[in-house]
Amino acid sequence: MDHLYLEKPTLPDALRPLGNFPPSLWGDRFSSFTLDTQLLEKYSKEVEVLKEEVKDMLVLDHDDVGAEKMVVLIDALERLGVSYLFQKKIGELLENMFPKFEEYSHVFHDNLFMVSLHFRVFRQHGYDLSSDAFKRFTDNNGEFKKTIRSDVMGMLSLYEATFLKTHGEDILDKAFCFTKAGLESLKPQYLSSNLAEQVTHALYQPLQRGIPRVEARHYISVYEKDASRNEKLLRLAKIEFNRVQMLHKEELCHISRWWKEWDLQSHIPYVRDRAVECFFYSTAVCFEPQYSLARLVLTKTMIMISVLDDTYDAYGTYEELKCLTNAVQRWDMNTIGQLPKYMKAIYKALLNVHDEIYQEIMATKEINYSVQYLEEAYKEIVLCYDIETEWLKKGYVQTMEEHLANALVTCTSPLLTTAAFVGMGEIAAPEAFQWLQSQPRILMACSTIFRVINDIQSCKTEEGRDHVTTGVECYMKQHGVSKPEAIRELFKIIENAWININEEMMRPTMISRDLVIRVLNFACLYGVVYKYNDGYTHPECVKDSIIALYEDSIPI
């Protein structure tokens, strides 16, 4: 990227809606890294050996007990974060096992843990196993039997399964309330330390809504203390985690240097310096080593849209932003002259970063049509930013419907999903981008989760400065309710969106399942980062996860 010199704006900062964002936590911490190629090669060779040994385990015995053991093995591989190494084989096994579930399930008919595990694993892979399987654990009144409260592993397994419910599954609503209350009432001193840790973690962060890479890092430490652990699986998980961590650290080093060379902070101090966090988010969406380009494209896009978002939301004046909106719609460097001085570098960066992405795609000899979709996504989001600028100028409080119609774009999900697809190569055919442009239900549900949970957290941080009305304020005015009541209703909207996602993940999906999973991963990312605070504005929320993923290797 060319060095970008930015002249100081003429309007005093005191007259601007400054966000006063916290600084970066990292400085140059990730800018220096030299890949140990010998260690990487050593890890790679051992992973290949262990892969073959685990493949030998992934053979379905022709008996009912064999199927039961296979689901346990598949679940372990997934929770340890290495299932992508066996994706085809696992897919074949589950496709073969699902139609036969009723035949072999008699061997664990009264085993709450196994029934719940099968339900969760099948549904995670898009197989719609009926929730009627849980009726055997209810009484004549349809309530769950109190006797199962003593089965802690079964209760935990059922609790995790409830997060895959679809609309109208009342039995899973009851199961959630029953298991959550039961698990919360447990006295840790009466459980093994490992089981107590699993229960505590599940209540804090449900598996189905966690960031895959973060959850795998945690589960490796849990599995290591499990007396029934498989040593080969454990070693594979540890070595593969460290191997992939090395690759991620090299990518993060590249991004950190790229961001430092841009030197935006010294010229536009109002923007949030979150390059490291953006890479973390990209890892959350597609951590697998083969998607290095996707992480690169997604991270740079996140950084660029963050700059635009802060300019529209926390710095630019109405007149300045109108100029920027018009320039982005034209997408032509010749229009740079119409912009205020401080915006010229932003606009130049936008077009340069986009050109970088194009060149990086071309360097891989991939087809290049996809980059055009990213340009169109930028134009769309900026137009929606402009609508918010108009609302703010007029002091207009939208209805919740108006708010969401615009905010499902400004929340960035459509743009960032497009960026992820761009970097995933030929797997993302033109039909995938056309699908995204059709506003599919799962993308809208993902956007709803991000927008609404962001609104809930942002209503805390944006008080005291001019900003466009949040969803909380829109709901309060439209329905004449208090803030706490509005927030309770917004959480119901979030839960409904999660159920929509569950339904859209069922087979068959409209496009490659490997692509649709990225939308699910985005939803999980938003749910984690904004769970207790605006985790992007306040980077300490993900500090520990970043250290765990990019600094602390797992002792072998």
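Values in this document were obtained by computation on a predicted structure and should not be read as measured data.

**So, the overall build of the chain**
Then, number 1: In terms of helices and strands, the chain carries 23 helices and zero strands.
Then, number 2: Counting only C-alpha atoms and orienting by the principal axes, one finds that the chain spans roughly 75 × 65 × 45 Å.
Then, number 3: For the chain, with 556 residues in total, the buried portion stands at 58%.
Then, number 4: Summarising the internal contacts of the chain: among those between residues at least 6 apart in sequence, 76% fall at separations of at least 24.
Then, number 5: Surface accessibility of the chain: about 23,800 Å² in total, with carbon and sulfur atoms responsible for 51%.
Then, number 6: With 61 positive and 81 negative side-chain charges, the chain shows a spacing of 2 Å between the two charge centroids.

**Some remarks on the environment of Tyr 43**
Then, number 1: With respect to the helices and strands, Tyr 43 occurs in helix α1 (residues 37-57).
Then, number 2: Among the residues examined, Tyr 43 registers a relative accessible area of 13% and is labelled buried.
Then, number 3: Sequence-wise, Tyr 43 and Asn 242 are 199 residues apart; in three dimensions their C-alpha atoms are separated by 8.1 Å.
Then, number 4: Filtering out sequence-adjacent residues up to four positions away, Tyr 43 remains in contact with Ile 239, Asn 242, Arg 243, Met 246 and Ile 556.

**A few points about the nonpolar core**
Generally speaking, nonpolar side chains in soluble globular proteins are found buried as a group.
Then, number 1: Counting residues in hydrophobic clusters, the biggest one holds 192 residues, and the most contacted among them are Phe 134, Met 304, Leu 308 and Phe 522.
Then, number 2: Setting aside anything within four residues of it in sequence, one finds Phe 522 in contact with Val 285, Leu 298, Met 302, Leu 416, Thr 417, Ala 420 and Cys 446.

**Quick word on helix α10 (residues 231-262)**
Then, number 1: Between the first and last C-alpha of α10 there are 46 Å, a value that for 32 residues agrees with the 46 Å anticipated at 1.5 Å per step.
Then, number 2: The buried fraction of α10 amounts to 23 of the 32 residues, a majority that puts the element mostly inside the structure.
Then, number 3: Two to three positions downstream of the cap, the backbone nitrogen of Lys 232 sits 2.9 Å from a side-chain oxygen, assigning the N-cap of α10 to Asn 230.

**Some details on the packing of helix α13 (residues 318-330) against helix α15 (residues 370-394)**
Then, number 1: Contact geometry for α13 and α15: axes closest at 9 Å, N-to-C directions at 160°. In terms of orientation, α13 and α15 fall into the roughly antiparallel class. Crossing hand, α13 versus α15: left-handed. Facing α13, whose interface residues are Tyr 318, Leu 321, Lys 322, Thr 325, Val 328 and Gln 329, α15 presents Tyr 378, Lys 379, Val 382, Leu 383, Asp 386, Thr 389, Glu 390 and Lys 393.
Then, number 2: Taken together, the residues that form the contact of α13 with α15 break down as six nonpolar, three polar and five charged.

**Some points on the packing of aromatic side chains**
Then, number 1: In the structure shown here, the tally under the stated rule is 32 aromatic pairs.
Then, number 2: When the centroid spacing of 5.7 Å and the interplanar angle of 25° are considered together, the rings of Phe 144 and Phe 178 count as stacked. You can see Phe 144 sitting in the loop between α5 (112-124) and α6 (152-161) and its partner Phe 178 sitting in helix α7 (residues 170-184), a full 34 residues away along the chain. Phe 178 matches Phe 144 in its accessibility class, with the two residues each being buried.
Then, number 3: For the pair Phe 450 and Tyr 530, a centre-to-centre distance of 5.3 Å together with 55° between the ring planes defines the contact as tilted. Placement of the pair is Phe 450 in helix α19 (residues 441-461) and Tyr 530 in the loop between α22 (513-529) and α23 (543-550), with a sequence separation of 80 residues. Each member of the pair, Phe 450 together with Tyr 530, is buried.

**Looking at the confidence of the model for the chain**
Then, number 1: In this model, the chain carries a mean pLDDT of 93, and residues with pLDDT of at least 70 account for 95%.
Then, number 2: Counting contacts from residues 1-9, a segment whose pLDDT is below 50, to residues more than four positions away or on other chains yields 26 contacts.

**Looking at the pattern of salt bridges**
Then, number 1: Under the counting rule described, the total for this entry stands at 36 salt bridges.
Then, number 2: Notably, a salt bridge pairs Glu 169 with Arg 123, separated by 2.7 Å at the nearest N-O pair. Taken together, the residues span a long stretch of sequence, with Glu 169 in the loop between α6 and α7 and Arg 123 in helix α5 at a distance of 46 residues. A single burial state applies to Glu 169 and to Arg 123, both of which are buried.
Then, number 3: Here Glu 288 and Arg 518 are joined by a salt bridge, their closest N and O atoms 3.1 Å apart. Of the two residues, Glu 288 is situated in the loop between α11 (275-285) and α12 (292-314) and Arg 518 in helix α22; the sequence distance between them amounts to 230 residues. For the pair Glu 288 and Arg 518, a shared accessibility class is recorded, and that class is buried.

Cut-off values and rules
- Residues numbered from 1 in each chain as written.
- Predicted model: local features only at pLDDT ≥ 70, side-chain atom pairs only at ≥ 80, totals over all residues.
- Heavy atoms only, no water.
- Helix = DSSP H or I, 4+ residues; strand = E, 2+ residues; numbered from the N terminus.
- Buried < 20%, exposed > 50% of the residue type's maximum accessible area, 1.4 Å probe, protein only.
- Contact = heavy atoms within 4.5 Å.
- Areas by Shrake-Rupley, 256 points an atom, 1.4 Å probe, with all protein chains shown as cover.
- Lys, Arg positive; Asp, Glu negative; His and termini not counted.
- Charge placed at Lys NZ, Arg CZ, Asp CG, Glu CD.
- Core = buried A, V, L, I, M, F, W, Y, C linked by side-chain atoms within 4.5 Å.
- Expected span 1.5 Å × (residues − 1).
- Polar contact = N/O pair within 3.5 Å; in protein donor to acceptor, adjacent residues only side chain to side chain.
- Axes fitted to C-alpha atoms, helices over the stretch in contact; angles between N-to-C directions.
- Parallel < 35°, antiparallel > 145°, perpendicular 65-115°, else oblique.
- Left-handed = near helix turned anticlockwise from the far one by under 90°.
- Nonpolar A, V, L, I, M, F, W, Y, C, P; charged D, E, K, R; others polar.
- Phe/Tyr/Trp six-rings, centres within 6.5 Å; stacked < 30°, edge-to-face > 60°.
- pLDDT = per-residue confidence, 0-100.
- Salt bridge = Lys/Arg side-chain N within 4 Å of Asp/Glu carboxyl O.

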